[in-house]
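Chain by chain, the residues run as shown.
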Amino acid sequence: MRLTLSSAAAPDASFDDLLAACTRRGFAAVELEAGHAHGVSPSVGLEAASAAAERAARAGIGIAALRLDDVASVTDPRTPRLAAALGAPVVVRIDGDVASTVRAAAPLFAEAGATLLLACSGDVDEIGRLRGWIEAAPTGALGLAWDVTPGDSQIRVPAAVLEAAAGHIRHIRLHGGGPETMGQEGLGVGRLMSALALSGYTGTLALAPSDPRFRYAWGAWLGRRGGWGCGSKTGSDTVVIESRVEER
Amino acid sequence: MNPGAHALDRQINDNEEGSVSENTTRELDVRVIPPREKHPTIFQTFLALAPGESFVLVNDHDPKPLRYQFEFQYPGQFGWEYLEQGPTVWRVRISRQGA
């Protein structure tokens, strides 16, 4: 399992500052949420995405996933190409009836050699439905992500969730950890981690704030001092990835 | 829902002994676990191992006090091998010895 820092913990941090925060806190990888100051989004050019992946690799940090809010963007052929250039799967939250969108996206991801991860809350019935989509798609095109909220019903039975997912879970986002760890006693985090260990889970586990009001605490925990980096940098130049819309 | 899954949940909950799938690298990262739950979780995971099985404990400091606790509670029943020793991350392979 690779412990991962979500950019949701530091949405105003540049890409390089996220990498530095990962190194300081011993994270193996970073989860990038589109729209944050790291600048990686579907509108970024492939060269810039490849360069970002190389910078991360040089820092010894993996890119665990690119998380998108807009499910419809996965049928844009640029999205799977971007994922391939980053060397990371795309994660989208599955809400509502998006079967046709996912069906259309799967061959695009397969063709690009990338993976689309369908994020769910861990409800076993929902996982059963998503497994059907995954297993009907080209091999490797689709997978599962699990968004875990400490204290919810799914985290109480983690082994049941893992069993239902049948090895398709590749990425987990845990809302909490980091500076929130002390306040999450009795909410099932220990059971989750034990179940992941015993099941041999080898995917990524990204930590993200459980609530935006904890962002200040996360910033301090990650080493933010006035600005990111050494402390002398202001927030004005935080977007470091060149934004460029590719021709289709 | 698969009854086996419930069995594992009970196993974790009730500290029962048992085994799970083999030939995988089991990694228990306790950095995200609330402090007071860390040691109970580690021991529950240890007790869920079959003899000869192991897991890798990941922590943000040297878990020496844990080792002392293992020596007191499970003398001769565990193996302890450092795989990484800081400065940011410590990894220890903890194995369950044969009966």
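Before any of the text, the structure's been laid out above.
Residues numbered from 1 in each chain as written. Chains lettered and ligands numbered in written order. Predicted model: local features only at pLDDT ≥ 70, side-chain atom pairs only at ≥ 80, totals over all residues. Heavy atoms only, no water.

## A look at the side chain of His168(A)
Residues and elements named next belong to chain A.
Moving on, step 1. Summarising the element assignment, His168 is placed in the loop between α6 (158-165) and β7 (169-175).
Moving on, step 2. Residue His168 is classed as buried on the basis of its relative accessible area, which comes to 19%.
Moving on, step 3. Only 2.9 Å separates the side chain of His168 from the side chain of Glu135, close enough to count as a polar contact.
Moving on, step 4. Once residues within four sequence positions are removed from consideration, His168 is found in contact with Arg131, Ile134, Glu135, Gly143 and Leu144. (Helix = DSSP H or I, 4+ residues; strand = E, 2+ residues; numbered from the N terminus. Buried < 20%, exposed > 50% of the residue type's maximum accessible area, 1.4 Å probe, protein only. Polar contact = N/O pair within 3.5 Å; in protein donor to acceptor, adjacent residues only side chain to side chain. Contact = heavy atoms within 4.5 Å.)

## Looking at the pattern of salt bridges
Any two side chains of opposite charge can pair, given that their charged atoms come close.
All names here are of chain B.
Moving on, step 1. One pass over the full model with this rule turns up 17 salt bridges over all chains.
Moving on, step 2. Among the salt bridges present, the one from Glu27 reaches Arg91, with a minimum N-O distance of 3.1 Å. Here Arg91 lies in strand β4 (residues 90-96) and Glu27 lies in strand β1 (residues 27-29), a separation of 64 residues in the sequence. (Salt bridge = Lys/Arg side-chain N within 4 Å of Asp/Glu carboxyl O.)

## As for the interface of chain A and chain B
The figure often quoted for interface size is the accessible area lost as the parts come together.
Moving on, step 1. Counting residues at the interface gives 32 residues for chain A and 29 residues for chain B.
Moving on, step 2. Of the roughly 2600 Å² buried between chain A and chain B, counting both surfaces, carbon and sulfur atoms make up 63%.
Moving on, step 3. Looking only at chain A, the three residues that lose the most surface to chain B are Glu185(A), Arg191(A) and Leu198(A), adding up to 24% of its buried area.
Moving on, step 4. If you look at where chain A meets chain B, you find one salt bridge.
Moving on, step 5. Residue Glu185(A) pairs with Arg36(B) through a salt bridge whose shortest N-O separation is 2.7 Å.
Moving on, step 6. Seen at the junction of chain A and chain B, the total is six residue pairs in polar contact (both at pLDDT 80 or more).
Moving on, step 7. Contributions of two or more residues to the side of chain A that touches chain B are made by α1 (15-25), α6 and α7 (189-199) of chain A. (Buried area = accessible area lost by both parts, 1.4 Å probe.)

## Quick notes on the sheet that holds β1(B)
Residues and elements named next belong to chain B.
Moving on, step 1. On the basis of which strands lie adjacent, the open sheet formed by four strands has the order β1-β2-β4-β3 and mixed pairing. Only two strands of the sheet have a single partner each, and these edge strands are β1 and β3 (78-85). Taking each pair of neighbouring strands and ignoring which way they run, the sheet shows an average axis angle of 25 degrees.
Moving on, step 2. By the bridge criterion, six bridges tie strand β2 (residues 54-59) to β4 in an arrangement that is antiparallel. Its bridge partner lying in β4, Ser54 is registered against Ser95.
Moving on, step 3. With respect to the sheet, helix α3 (residues 64-73) is in contact with β2, β3 and β4, its orientation differing from that of β3 by roughly 170 degrees. (Pairing = 2+ DSSP bridges. Axes fitted to C-alpha atoms, helices over the stretch in contact; angles between N-to-C directions.)

## Side note on the pairing of strand β2 (residues 29-33) of chain A
Residue and element names in this part refer to chain A.
Moving on, step 1. In terms of burial, β2 is a largely internal element, five of the five residues being buried.
Moving on, step 2. Both faces of β2 are covered, namely the face carrying Ala29, Glu31 and Glu33 and the face carrying Val30 and Leu32.
Moving on, step 3. Pairing of strand β1 (residues 2-6) with β2, which is carried by three bridges, proceeds in the parallel orientation. When the bridges of β2 are listed, Ser6 appears paired with Glu31.
Moving on, step 4. Taking the sense of rotation as the criterion, the β-α-β connection linking β1, α1 and β2 turns out right-handed.
Moving on, step 5. With helix α2 (residues 46-58) bridging β2 and its parallel neighbour strand β3 (residues 62-68), the resulting β-α-β unit is right-handed. (Right-handed = clockwise from strand over helix to strand, strands pointing away.)

## Overview of helix α5 (residues 124-136) of chain A
Residue and element names in this part refer to chain A.
Moving on, step 1. Taking 1.5 Å of rise per residue, 13 residues should cover 18 Å, and α5 covers 18 Å from first to last C-alpha, within 8% of that figure.
Moving on, step 2. Taken together, the buried positions of α5 are Glu126, Ile127, Leu130, Trp133 and Ile134. Taken down its axis, α5 places every buried residue within 115 degrees of arc, on the same side. Within α5, the exposed residues directed more than 90 degrees away from the buried face are Asp125 and Ala136.
Moving on, step 3. Among the residues of α5, the N-terminal cap falls to Asp123, whose side-chain oxygen and the backbone nitrogen of Asp125 are separated by 3.1 Å. (Expected span 1.5 Å × (residues − 1). Arc of directions from axis to C-beta.)

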